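# Structural features, examined
One-letter residues, chain by chain:
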Amino acid sequence: MSYSGDGVFQAVCPLDCPDTCGLLVHKQNGKIIKVEGNPGHPVTKGAICNKVRHMAERVHHPERLLQPLRRTGPKGSGSFTPISWEEAIGEISGRFKELSAAHGPESILPYSFYGNMGVLSVDGMDRRFFNALGASRLEQSICSAAGSAGWKYTMGFNGGTSPEDTVNADLIIVWGGNIVSTNMHQVVYAEQARKRGAKVVVIDVHRNRTAQWADWFLPLYPGTDTALALGLMHILFRDGMTDNAFLKRYTTGHEELRGHVLAYPPERVAEITGIAAADIEKLAKLYGEAKVSHIHIGNGLQHHDNGGMNVRTIACLPALTGAWLKTGGGAIKSNGGYSSTNDRALTRPDLRPNRRARTINMNRIGEALELKEEPVMGMFVYCCNPVVVAPDAERVRKGFAREDLFTVVHDLFMTDTALYADIVLPATSTLENVDLYGSYWHHYMQLQEPVLDAPGECKSNMEVFSLLGRAMGFDAEAFSESEYDMIRKALDYPRNPYLNGVTLERLTAERFVKLDMSPQADYLDNLPTPSGKIELYSKAMELAGLPPLPTYTPLKEGYDGERQ
Ligand SMILES: Nc1nc2c(c(=O)[nH]1)N[C@H]1C(S)=C(S)[C@@H](COP(=O)(O)OP(=O)(O)OC[C@H]3O[C@@H](n4cnc5c(=O)[nH]c(N)nc54)[C@H](O)[C@@H]3O)O[C@H]1N2
Ligand SMILES: Nc1nc2c(c(=O)[nH]1)N[C@H]1C(S)=C(S)[C@@H](COP(=O)(O)OP(=O)(O)OC[C@H]3O[C@@H](n4cnc5c(=O)[nH]c(N)nc54)[C@H](O)[C@@H]3O)O[C@H]1N2
Ligand code: SF4
Ligand SMILES: [Mo]
């Protein structure tokens, strides 16, 4: 359906933010005049952040890209000339064919992230295209991969406490997250819990807005969170505050862990973390004695060399006290696993001619662009702005400035990265698209349908990669599917029982559809770890050459430019 007339229409916030708010957009004379929260959304209930309240300015911004462009001056100079889509697609497919023939398809690298969280925009036709091309793969490490890996070693998949349930908590620990700014509706639930007497503790390296709102702020040295969590475990075991029946039934390695944490007494942990030993004791007692404890694990503490282990170690804490058995107890790192869709049907890895294609870590794009053997010769950047956001910025800029690198950037605006492109393609905004949205925090799937006509010659990611796929001569059927075909396929995924009953028909009628959360009742009995239990001791980590028990590794001082 397309809403060509004026009125008030439902929409979804597309930004990389856990809340995935339901929006209402007000349209008059073909323009959005106001964006507000949709009060009908069961979780976000009409409240949105200031940034998205001003979304109309962005969508109708005079600097939006409206035509494909070809570079005419040196890279980075911003000299471009308009070209037609026909020319653009012809040139990109031609260059990709040449590069494939001369250097192999792995000389081409897609570079994308979640500038738009829509399943079709970033996990759909785009990936299908790069699979069919046989391009290098991109390891999407920039945001939360380290923490997710740590969480998964412990719990098996990206799923924890249901947000609505956290109102029942009597202790909420926000650990390395600035939720007042980055997950505002979790703050609403925490406030409700607080009205019933809950305490909010913030563990962070600086007094952020969330720390200012909390009951107790505990500052610690960066990257020392694992030591703090091990110190808490030391006290929980020492003082008999663990739930031993829970440990026996639902975990592996609790006896090993009990012995292991003897090495983390409060005095030692105080020295490592900078938190007074008495405060560590106090926090352990609060946690051990809480009836329903909830931990929000943010992203900040995993943006360190020891980030995966920080998250893994904190993820072990609720298992020590058995907090998982209480409604609202446990932890949330990401709830994205509950809404996972049929990736294979969307991205078609079966079309890939080279199953063993290399993978390049997006955090190391600066280095990757310097490779002398098997060099990266072509890039397609979309939904990401690496010249600004990727680490080692000068090196990244130098890489993008390479004259022999063929770069395409698809975006709504002339970003810093687009300035280095050979071809710039104008992207639609999400209000001009059909797409499917899950959330990595709440449990509602949402449908976006166009509220506006695309301005100028803007095209969606889905359209661009369909056009390119056909121009390359790939499987015509695979590159002719409609958005609605793709959504149906995404939702047809029996392997994820939480998707049960979520259909395109329901989404069209209801706009937001709750996942079937009934399988959560057996959550602890069905953890997809190798043992099926919460892995305090992880054989998989041991096999990967990592410490099998949560272990503190100090951060290295300085930056040596080469490490992972
Ligand atoms: N307004 C706004 N909202 C956003 C975004 C945005 O750009 N603007 N970006 C979105 C995205 S992509 C993401 S990933 C999320 C991120 O949102 P959050 O999960 O809140 O993560 P950050 O804000 O990166 O960092 C959270 C906190 O971690 C702290 N921190 C850093 N190192 C450590 C450490 O070693 N230990 C501990 N305990 N704390 C540490 C930082 O001081 C910071 O206060 O926000 C999303 N929401
Ligand atoms: N120094 C520092 N660096 C950081 C971080 C930090 O805290 N500090 N945080 C890191 C984290 S957690 C993250 S997630 C990354 C985020 O980094 P990015 O992924 O680069 O950030 P975004 O601004 O979300 O999106 C990038 C681009 O996507 C475009 N876009 C939006 N919708 C569409 C669409 O439908 N199609 C196309 N083609 N383009 C679209 C936007 O216009 C925008 O230019 O940054 C990381 N880098
Ligand atoms: S809080 Fe997050 S999801 Fe909600 S409108 Fe703001 S950016 Fe979008
Ligand atoms: Mo992120």
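Above this text sits the structure in question.
Residue positions within a chain follow its written sequence, with the count starting from 1. Whichever chain is written first becomes A and whichever ligand is written first becomes 1, with later ones labelled in order. Reporting in this predicted model follows two pLDDT cut-offs: at least 70 for local features of residues, and 80 or more for side-chain atom pairs to be given and counted; totals over whole chains, interfaces and linings ignore these cut-offs and use all residues. Side-chain calculation: all heavy atoms of the structure are included, whereas hydrogens and water are not.

### A short note on the packing of helix α10 (residues 225-238) against helix α13 (residues 266-273)
Note the following rule: For helices, the fitted line uses only the C-alpha atoms of the stretch in contact; every axis is such a line through C-alpha atoms, and the angle between N-to-C directions lies from 0 to 180 degrees. Only DSSP runs of H or I with at least four residues qualify as helices, and only runs of E with at least two residues qualify as strands; both kinds are numbered from the N terminus onward. With respect to orientation, any angle under 35 degrees is reported as roughly parallel, any angle over 145 as roughly antiparallel, any angle of 65 to 115 as roughly perpendicular, and every other angle as oblique. Two helices cross in a left-handed way if the nearer one is turned anticlockwise from the farther one by less than a right angle. They cross in a right-handed way if the turn is clockwise. In what follows, residue pairs with any heavy atoms lying within 4.5 Å of each other are defined as contacts.
It is the contact of α10 with α13, at a shortest axis distance of 9 Å, that shows an interaxial angle of 165 degrees. With respect to each other, α10 and α13 are oriented roughly antiparallel. α13 is crossed by α10, and the crossing has left-handed handedness. Between α10 and α13, the residues in contact are A227, L228, G231, H234, I235 and R238 and P266, V269, I272 and T273, respectively.

### Details of the sheet that holds strand β1 (residues 7-12)
Let me state the cut-off plainly: Strand pairing requires that DSSP identify at least two bridges connecting the strands.
On the basis of which strands lie adjacent, the open sheet formed by three strands has the order β1-β2-β3 and antiparallel pairing. Both outer strands of the open sheet, β1 and β3 (31-37), are each paired with one neighbouring strand and no more. Shown here is a sheet whose adjacent strand axes are inclined to one another by a mean of 30 degrees, direction ignored. Bridge count between strand β2 (residues 22-28) and β3: six bridges; the pairing is antiparallel. Paired with H26 across the strands is K34, a residue of β3.

### Quick notes on the packing of aromatic side chains
The following threshold applies: Between rings of Phe, Tyr and Trp, where Trp is taken as its six-membered ring, a pair exists when centres lie within 6.5 Å; planes separated by under 30 degrees are stacked, by over 60 edge-to-face, and by other angles tilted. Each residue is placed in one exposure class: buried if its accessible area under a 1.4 Å probe, protein chains only, is under 20% of its type's maximum, exposed if it is over 50%, and partly exposed if it falls in between.
In this structure the tally under the stated criterion is 21 aromatic pairs. With centroids separated by 4.8 Å and ring planes inclined at 50 degrees, the aromatic side chains of F380 and F465 adopt a geometry described as tilted. Separated by 85 residues along the polypeptide, F380 in strand β15 (residues 378-382) and F465 in helix α20 (residues 461-471) bring together distant segments of the chain. Residue class for F380 comes out buried when judged on its relative accessible area of 0%. For F465, a relative accessible area of 0% corresponds to the buried category. Ring geometry for F474 against F479: centres 5.9 Å apart, planes inclined by 45 degrees, an arrangement best described as tilted. Here the aromatic cluster, defined as three or more aromatic residues joined through ring pairs, consists of F96, F129, F130, F380, Y382, F406, F465, F474 and F479.

### Concerning the site of ligand 2
Put simply, the rule is: One heavy atom within 4 Å of a molecule or strand makes the whole residue count as near it. Within 3.5 Å is the distance limit for a polar contact, defined as a pair of N or O atoms, with the added protein rule that one can donate a hydrogen and the other accept it, and that residues adjacent in sequence qualify only through two side-chain atoms. Here, Shrake-Rupley sampling with a 1.4 Å probe gives the accessible areas, and only protein chains in the shown set may cover a residue.
Around ligand 2, a shell composed of 20 residues is seen, among which R58, N385, H410, D411 and N461 lie nearest. Contacts to ligand 2 include C383, whose backbone N or O atom sits 3.4 Å from a nitrogen atom. Contact between ligand 2 and N461: a nitrogen atom at 2.8 Å from a side-chain N or O atom of the residue. When ligand 2 sits alone it has 920 Å² of accessible area, and the protein chains cover 68% of it.

### Remarks on the nonpolar core
Using the following cut-off: Grouping buried Ala, Val, Leu, Ile, Met, Phe, Trp, Tyr and Cys residues that are joined through side-chain atoms within 4.5 Å yields what is termed a nonpolar core. Here the limits of each domain have been adopted from an automatic or database domain assignment.
Judged by nonpolar contacts, the single largest core of 140 residues is most densely connected at Y111, F129, W175, L317, M379 and F380. By residue number, the principal contributor to this core is α10, which donates nine residues. When residues of this core are sorted by domain, at least three fall in each of domain 1 (69-141 + 339-433 + 456-513) and domain 2 (145-333 + 526-543). Apart from the residues within four sequence positions on either side, M379 is in contact with L109, Y111, I365, L369, F400, L405, F406, T407 and V408. Ranked by size, the runner-up nonpolar core spans 16 residues in total, among them C13, V25, I32 and A56.

### Observations concerning the pattern of salt bridges
Between side chains of opposite charge, a pair can form when the charged atoms approach closely. The condition that has to hold: Any Lys or Arg side-chain nitrogen found within 4 Å of a carboxyl oxygen on Asp or Glu counts as a salt bridge.
Counted according to the given criterion, the structure contains 29 salt bridges. A salt bridge links E403 to R71, with the nearest nitrogen and oxygen atoms 3.4 Å apart. Residue E403 is located in the loop between α19 (393-400) and β16 (406-411), and its partner R71 is located in strand β4 (residues 69-71); the two are separated by 332 residues in the primary sequence. By relative accessible area, which is 54% here, E403 ends up exposed. R395 is the partner of D392 in a salt bridge, and the nearest nitrogen-oxygen pair spans 3.2 Å. Ionic contacts of the salt-bridge type, sharing partners, join the residues R71, K75, E403 and D422 into one network.

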